Amino acid sequence: MHNATKLAAATALAVILSGPTFAQGTLIGTEALDERIEDIQDEAARDLARGEDAERFGPNGVPQGWRGSVALTASAATGNTDTVDLSAAGRLTYGIGDWSHTVGLAFEYGEANGVQNEEEFFATYEGNRYFTPEFYAFGVGRYEYDGFATNEHDVFFGAGPGYRIVNTENATWRVQAGPGVRHIVPAAGGSTTEVAGIISSRAWVKVSENVSLTNDTDILGSDTNMLATNDFGVNFKVTDTMSTRVSYRTDYNSNPAPGFKNTDNTIGVSLVVGF
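Criteria and thresholds
Residues numbered from 1 in each chain as written. Predicted model: local features only at pLDDT ≥ 70, side-chain atom pairs only at ≥ 80, totals over all residues. Heavy atoms only, no water. Phe/Tyr/Trp six-rings, centres within 6.5 Å; stacked < 30°, edge-to-face > 60°. Helix = DSSP H or I, 4+ residues; strand = E, 2+ residues; numbered from the N terminus. Buried < 20%, exposed > 50% of the residue type's maximum accessible area, 1.4 Å probe, protein only. Salt bridge = Lys/Arg side-chain N within 4 Å of Asp/Glu carboxyl O. Pairing = 2+ DSSP bridges.

A. Structural context of the packing of aromatic side chains. A complete count under the given rule lists four aromatic pairs for this structure. With a centroid separation of 4.2 Å and an interplanar angle of 25 degrees, the aromatic rings of Trp-66 and Tyr-94 are classed as stacked. Highlighted residues: Trp-66 in strand β2 (residues 65-77) and Tyr-94 in strand β3 (residues 83-96), separated in sequence by 28 residues. We classify Trp-66 as exposed; its relative accessible area is 59%. Residue class for Tyr-94 comes out partly exposed when judged on its relative accessible area of 23%.

Now the structure itself:
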């Protein structure tokens, strides 16, 4: 198992109209947009804000009206190693009555000593239609391009029903599942289109005025492989100007690339200080 620990610090001003969303995690790309942005300040603030924001777990999963956020980072280094890194990401949510829509985009580019070593693009969409406070239907789509991965293009579309099992002021829990289609284009050539399915769970518990728990689970299966992720987080409001989030994330791939293990575990600590 691979274990990693990340420590980040940021100001509350780093959250720019951060729109909460019922993400499908790394499996369909939304969580990947958040976690792969290089800017540490934006990552820490967004991670904490998503864990604390009850609207993400409440009715419709997003606030009413338009919300959006954008981030752009660039860095260059010279000396023993010449590097260039660029990343940009944006997210837009729209809630109107019983409907909610979320669109996300991200791009990453990197060079080392004049040789390109990173080129990735992500696009995601999720739509929800609530028929009752408990029952809803969802549709999700993802496109991912990675010029340096075994699978250069990875596309997924899925839809199905969802149900809110618990919905109180102190706890919410909803699950959703449905079939989909996955299209994969390996870097070596050729392509594969196969039936896939996704199962997701979102839970939020308010322990006290200053402490809350979240647990996000996603499972995506197809003939190529099964991907699963579970992200458990504890959110602490230390003071009116200081909050922190501790999380433990597990990612599983039933058919990893040669030389890689099936499971990755990540411990994350995000600290946000406002002044």
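Anyway, onward from the coordinates.
B. Layout of the pattern of salt bridges. A full pass over the atoms with the stated rule returns nine salt bridges. Residues Arg-202 and Asp-216 are paired through a salt bridge, measuring 3.8 Å at the closest nitrogen-oxygen approach. Pair noted here: Arg-202 is in strand β9 (residues 192-206) and Asp-216 is in strand β10 (residues 211-221), with a separation of 14 residues, a long-range link. On the basis of relative accessibility, which here comes to 2%, the residue Arg-202 falls in the buried class. A salt bridge links Asp-231 to Arg-249; the nearest nitrogen and oxygen atoms lie 3.6 Å apart. Of this pair, Asp-231 sits in strand β11 (residues 226-237) while Arg-249 is found in strand β12 (residues 242-253), placing the two residues 18 residues apart along the sequence. This pair shows no difference in class: Asp-231 is buried, exactly as Arg-249 is.

C. The arrangement of the pairing of strand β4 (residues 99-112) in detail. For β3 and β4, the ladder comprises 14 bridges, and the chain directions are antiparallel. Bridge pairing in β4 places Thr-83 opposite Ala-112. Remark: two residues form the turn of the hairpin made by β3 and β4, two consecutive strands paired antiparallel; Gly-97 in that turn has positive phi of roughly 60 degrees. Here β4 runs beside strand β5 (residues 115-130); their pairing, made up of 14 bridges, is antiparallel. Within β5, the position partnered with Ser-100 by the bridge is Asn-128. Counted along the chain from β4 to the antiparallel partner β5, the turn is two residues long, and its residue Asn-113 has a positive phi close to 55 degrees.

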